[in-house]
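This is what each chain is made of:
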Amino acid sequence: MKFIVTYGCDGLGNEKLAVEAENEEVAMEYAYNAAFEYRESYGGLHGTQDFSDFCEEEGYDPEDEDAWDSFHDMVEHEVEYFVEVFNETDEEHQWVLTDCNGKFWEI
């Protein structure tokens, strides 16, 4: 199936990608993981906390498993991701496909 995947982070922007996946669940999992990677790429930049900044500000020991869980929860509230079934009559979908050189990224 063909989809338009959107992923990003609140306050940092987002990216759109034309993908082909087995089903919507696979496309959504891809979007979810891409959103976390997108957010991670900004860690320490533009006021976006990375893990060490988070631990310092919240008083966590970086070796504490609860620190990772709390950091993950914070990031979970910041990331944005969603999937739309590709609609060839949707102008925005066509723009995304054009940006992807007219090809769907296979996932």
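Our subject is the structure that appears above.
Scoring rules and cut-offs
- Residues numbered from 1 in each chain as written.
- Predicted model: local features only at pLDDT ≥ 70, side-chain atom pairs only at ≥ 80, totals over all residues.
- Heavy atoms only, no water.
- Helix = DSSP H or I, 4+ residues; strand = E, 2+ residues; numbered from the N terminus.
- Contact = heavy atoms within 4.5 Å.
- Areas by Shrake-Rupley, 256 points an atom, 1.4 Å probe, with all protein chains shown as cover.
- Lys, Arg positive; Asp, Glu negative; His and termini not counted.
- Charge placed at Lys NZ, Arg CZ, Asp CG, Glu CD.
- Pairing = 2+ DSSP bridges.
- Core = buried A, V, L, I, M, F, W, Y, C linked by side-chain atoms within 4.5 Å.
- Buried < 20%, exposed > 50% of the residue type's maximum accessible area, 1.4 Å probe, protein only.

A word on the overall build of the protein chain
Here is step 1 of the chain: When helices and strands are counted, the protein chain shows four helices and four strands.
Here is step 2 of the chain: Each helix (α) and strand (β) of the protein chain, taken in turn from the N terminus, gives the series β-β-α-α-α-β-α-β.
Here is step 3 of the chain: Viewed in the frame of its principal axes, the protein chain has a C-alpha envelope of about 50 × 25 × 20 Å.
Here is step 4 of the chain: When contacts within the protein chain are restricted to residue pairs at least 6 apart in sequence, long-range pairs at least 24 apart make up 59% of them.
Here is step 5 of the chain: Within the structure as shown, the protein chain displays about 7,000 Å² of accessible surface, and the carbon and sulfur contribution to it stands at 44%.
Here is step 6 of the chain: Treating the 4 positive side-chain charges of the protein chain as one cloud and the 31 negative ones as another, the clouds have centres 15 Å apart.

What to know about the pairing of strand β2 (residues 13-20)
Here is step 1 of the chain: Note: strand β1 (residues 2-9) against β2, eight bridges, orientation antiparallel. Along β2, the bridge assignment pairs Thr6 with Lys16.
Here is step 2 of the chain: Between the end of β1 and the start of β2, which pair antiparallel, lie three residues, with Gly11 showing a positive phi angle near 85°.
Here is step 3 of the chain: Bridge analysis of β2 against strand β4 (residues 105-106) gives two bridges, and the strand direction is parallel. Paired with Glu20 across the two strands is Glu106, which belongs to β4.

Describing the nonpolar core
Here is step 1 of the chain: In this structure, Val5 and Ala18 are the most contacted members of the largest nonpolar core, which totals 30 residues.
Here is step 2 of the chain: Counting residues per element, the ones that place at least two in this core are β1, β2, α1 (24-40), α2 (51-58), α3 (65-78), β3 (79-85) and α4 (91-99).
Here is step 3 of the chain: When residues in this core are grouped by element, the largest group, six residues, is from α1.
Here is step 4 of the chain: Sequence-distant contacts of Val5, that is, excluding residues within four places in its chain, are made with Glu15, Lys16, Leu17, Val19, Ala27, Tyr30, Ala31, Phe82 and Val83.

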